[in-house]
There are 2 protein chains.
Amino acid sequence: MTEHPPATTPERILAAAGEIFGQDGFKAATIRRIAHAAKANVASIHYHFGDKEGLYAAVLENFFQAGFSRFPADAGLDATPEERLLAFVRSLLYRVLSREGWGGMAGPGRLIAREFLEPTPSFKPIIEKYIKPQKDILTAILSELLGCDAQDEILASCALSVIGQCLYSALRPPVVQRLAPRQAVQAEDDLDRLAAFVWQFSLGGIGRIRANRSIPAGG
Amino acid sequence: MTEHPPATTPERILAAAGEIFGQDGFKAATIRRIAHAAKANVASIHYHFGDKEGLYAAVLENFFQAGFSRFPADAGLDATPEERLLAFVRSLLYRVLSREGWGGMAGPGRLIAREFLEPTPSFKPIIEKYIKPQKDILTAILSELLGCDAQDEILASCALSVIGQCLYSALRPPVVQRLAPRQAVQAEDDLDRLAAFVWQFSLGGIGRIRANRSIPAGG
DNA sequence: ACGCGAATAAAACAAATGTTTTATTCTGTC
DNA sequence: GACAGAATAAAACATTTGTTTTATTCGCGT
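Quick caveat, the model's predicted, so the values are computed rather than measured. (Residues numbered from 1 in each chain as written. Chains lettered and ligands numbered in written order. Predicted model: local features only at pLDDT ≥ 70, side-chain atom pairs only at ≥ 80, totals over all residues. Heavy atoms only, no water.)

Below, the discussion takes up the pattern of salt bridges. Within the structure shown, the criterion is met by 18 salt bridges over all chains. When the shortest N-O distance is used, the salt bridge between Asp 24 of chain A and Arg 33 of chain A registers 2.9 Å. Given a relative accessible area of 26%, Asp 24 of chain A falls into the partly exposed group. Look at the salt bridges and you will find they share partners, linking Arg 110 and Arg 114 of chain A together with Glu 118 of chain B into a network. (Salt bridge = Lys/Arg side-chain N within 4 Å of Asp/Glu carboxyl O. Buried < 20%, exposed > 50% of the residue type's maximum accessible area, 1.4 Å probe, protein only.)

Listed below in C-alpha cells is the structure:
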C-alpha cells in the first residue's frame, strides 16, 4: 500500500497525506505537518492539489482504487451461493484489514472508517463508484441463499448483519482490544479464520431467518 | 435526553456542548460556538469546566450515565439464555438508537461512535466503568448458549458478531442509508423488529458455530 | 549558452481558536 | 443597606492554520 520513500513530490505528498489524514482526520490534520512529513513545501501542496480538500479527495480515491483493484469482490461467479458468500467476506476482510490492503485501524482503514461514520463531501463519488456495486453483489448472493427476490426487506437486514460483523472487526483495535487484549489481526492465517467464522455465523443466521420466514417473528 | 431550554448555565453549556461536540467532533468543535449556542460566555465555560477537554469529559460522562441508567443491560437474570440474549440486544439497541437514548447518529450516538473509533483520553475511564461490565454480561450469556467456558476463543468471536450487528445498525444513517434509502430507525416498533432480527440471526449463527465446534472448520 | 515554464522554497496574510485577564453584575448574609 | 464571593461578560493574547504572494531553482528544448 505504501511505496518506497524516494518518489516524485506529488507522490510523497499523497503518501504523507494518507498517513496524517488517517491519524488526525481531515480537520485536525494540518497542511504543514503533511508538507513536513513529505519533505515538501506547503505551497507545493496547493500547487499540485489545489487546496486541502483536493488533496484529501486524491488520497481517498487513491486508497479505494488500490484496495478494490487488489481485492475485488466478485470471485467465482459460477460457484454456489455459499462459496460466493465466503469469497465476498474474505475479500472484504482482506481489503479492510490486511497489510496489503488498508491495514485496519493502523493504516488507511482508519481514514475510511471515519468516512463511513461521517462522510465528507469527497466521499460521495466514492460511494457511487466503489461501494454501491458491493451492495449489489452481496444482495445477489443473499437473495439466492434466502430464496427471495431482491427487494425483500429481510434481505437488507441480512446484508446489514453480514457487513456489520465484518466492519466491526475492523474497529476492533481501538476499543474492543482494550476489552479483550490480543494481538492485532494481521496475519493471513488469522484473517482466514476470521473470514471462516463470519461465514459460518452468517450461514447459520441466514438459515434461521429463512426458516422463520413464514412463521410470525417474535419472542 | 435533552432538557428544557431554560436551566442553569453549566447545564445549558453541557447540553450545547453535547450537540456541538457530537456534530463536529472534539477538535473541530469550538468553544465559541458552544458558548453561543448555550447563550453563555466563553469564559464561563472555563470557569465551570476548566478547559475544553474538561467540558468534553463532562459531556461524555453525562451521556453514559444517562444512557446506562435509562437502559440497563441486565434484565431478567433468571430467564433462559435465549431470552437474556434478546434482552441484551434490545437494551443495547434502545440505548444507542432510541430517541430517549442516544438517538443514533442524529444525537449523542454520533459522539459515542466517534469515541469507539478513536478514543480520546477522556474515554478511558468510561470504558472501564460502563462498557467492560457489558462485555461480561454478554460473555456469560454466550457461554451458556455455546456450552463452553468463559475463556474459549470462539466466545469472543461470537460476541464480536453480535455486537457488530447491533452497532453497525447505529452507523446506518450516514453511509448505508445512502445505499438503501429508507426512513431512519427511530420508531419503537422498528427497534423491536430490528432487535428481534438480530436476535434470531445471532441464535442461528451461534447454533451453527456450536454444531461445528467438534468438526474441523473450513469450507 | 539562453530563455521559458514548471517546480520548489520562503515569507507574508488574514482569519480562527483556546485561554487568560480584567470588569461588571448577581446573590445571599450580617 | 453594605459587603464578600460567586457568576457572567467583554476584551485582549498568543498560536495556529489555510492560503496567497513573491523569489528562487531546476529541467530542457533550441
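Still to come is the rest of the account.
Now for the protein's contact with DNA strand C. Near DNA strand C lie 15 residues; those nearest to it are Thr 9, Tyr 47 and His 48 of chain A together with Arg 32 and Lys 52 of chain B. Here DNA strand C approaches the protein such that, of its atoms within 4 Å, sugar and phosphate make up 50%. Take Asn 41 of chain A: an N or O atom from its side chain is 3.4 Å from a base nitrogen of DNA strand C. At a separation of 2.7 Å, a phosphate oxygen of DNA strand C approaches a polar side-chain atom of Lys 52 of chain B. When contributions to the surface near DNA strand C are tallied by element, the ones reaching two or more residues are α3 (42-49) of chain A together with α2 (31-37) and α3 (42-49) of chain B. Of the residues forming the surface near DNA strand C, the biggest block, three residues, is contributed by α3 of chain A. Among the residues forming the surface near DNA strand C, the class breakdown is six nonpolar, five polar and four charged. (Near = heavy atom within 4 Å. Polar contact = N/O pair within 3.5 Å; in protein donor to acceptor, adjacent residues only side chain to side chain. Helix = DSSP H or I, 4+ residues; strand = E, 2+ residues; numbered from the N terminus. Nonpolar A, V, L, I, M, F, W, Y, C, P; charged D, E, K, R; others polar.)

Before going further, it helps to spend a moment on helix α8 (residues 153-170) of chain A. Working note: α-helix, 3.6 residues per turn, so residues spaced by three or four point in the same direction. Taking 1.5 Å per residue as the helical rise, α8 of chain A with its 18 residues ought to reach 26 Å, and the 26 Å between its terminal C-alpha atoms agrees with that figure. Counting buried positions over the 18 residues of α8 of chain A gives 15, a clear majority of the element. (Expected span 1.5 Å × (residues − 1).)

Before going further, it helps to examine the interface of chain B and chain A. If you look at the interface, chain B gives 55 residues, while chain A gives 56 residues. Both faces considered, chain B and chain A share a buried interface measuring about 5,100 Å² in area, 70% of it formed by carbon and sulfur atoms. The interface formed by chain B and chain A includes six salt bridges. Seen at the junction of chain B and chain A, the total is 12 residue pairs in polar contact (both at pLDDT 80 or more). The set of elements that each furnish at least two residues to the side of chain B that touches chain A consists of α1 (9-28), α6 (108-117), α7 (124-146), α8 (153-170), α9 (172-179) and α10 (188-212) of chain B. Looking at which element gives the most residues to the side of chain B that touches chain A, the answer is α8 of chain B, with 14 residues. (Contact = heavy atoms within 4.5 Å. Buried area = accessible area lost by both parts, 1.4 Å probe.)

Let us now look at the relation of the copies chain B and chain A. When chain B is brought onto chain A, the operation consists of a screw motion whose angular component is 180° and whose axial shift is 0.0 Å, with 0.0 Å RMSD remaining. Both copies of the chain, as the preceding transformation shows, are related through a two-fold rotation axis. Taken as a fraction of all interface residues of chain B, those also at the interface in chain A reach 100%, which identifies the copy contact as same-surface. (Least-squares fit on C-alpha atoms with pLDDT ≥ 70 in both.)

Turning our attention to the protein's contact with DNA strand D. Around DNA strand D, the surrounding shell holds 15 residues, and the nearest of these are Arg 32 and Lys 52 of chain A together with Thr 9, Tyr 47 and His 48 of chain B. A breakdown of the atoms of DNA strand D within 4 Å of the protein gives sugar and phosphate a share of 50%. Take His 46 of chain A: an N or O atom from its side chain is 3.1 Å from a phosphate oxygen of DNA strand D. Side-chain polar atom of Lys 52 of chain A to a phosphate oxygen of DNA strand D: 2.6 Å apart, as the coordinates give it. Contributing elements (two or more residues each) for the surface near DNA strand D: α2 (31-37) and α3 of chain A together with α3 of chain B.

For the structure on display, the rule yields 24 aromatic pairs over all chains. Put simply, the rings of Phe 64, Phe 68, Trp 102, Phe 116, Phe 123 and Tyr 130 of chain A pair up and form one aromatic cluster. Cation over ring: Arg 95 of chain B sits above Phe 68 of chain B, and NZ or CZ is 4.1 Å from the ring centre. (Phe/Tyr/Trp six-rings, centres within 6.5 Å; stacked < 30°, edge-to-face > 60°. Lys NZ or Arg CZ within 6 Å of the ring centre and 35° of its normal.)

The subject of this paragraph is the state of the cysteines. Residues and elements named next belong to chain A. According to the stated counting rule, one finds zero disulfides over all chains in the structure shown. Here Cys 158 stays free of any disulfide, with the sulfur of Cys 148 as its closest cysteine sulfur at 7.9 Å. Of the residues examined, Cys 158 reaches a relative accessible area of 0% and is grouped as buried. (Disulfide = S-S within 2.5 Å.)

Residue and element names in this part refer to chain B. Its place among the elements puts Ser 143 in helix α7. The class of Ser 143 is buried, set by a relative accessible area of 16%. Excluding residues within four positions of it along the chain, Ser 143 makes contact with Cys 148 and Leu 155.

Purely geometric numbers; function is a separate question.
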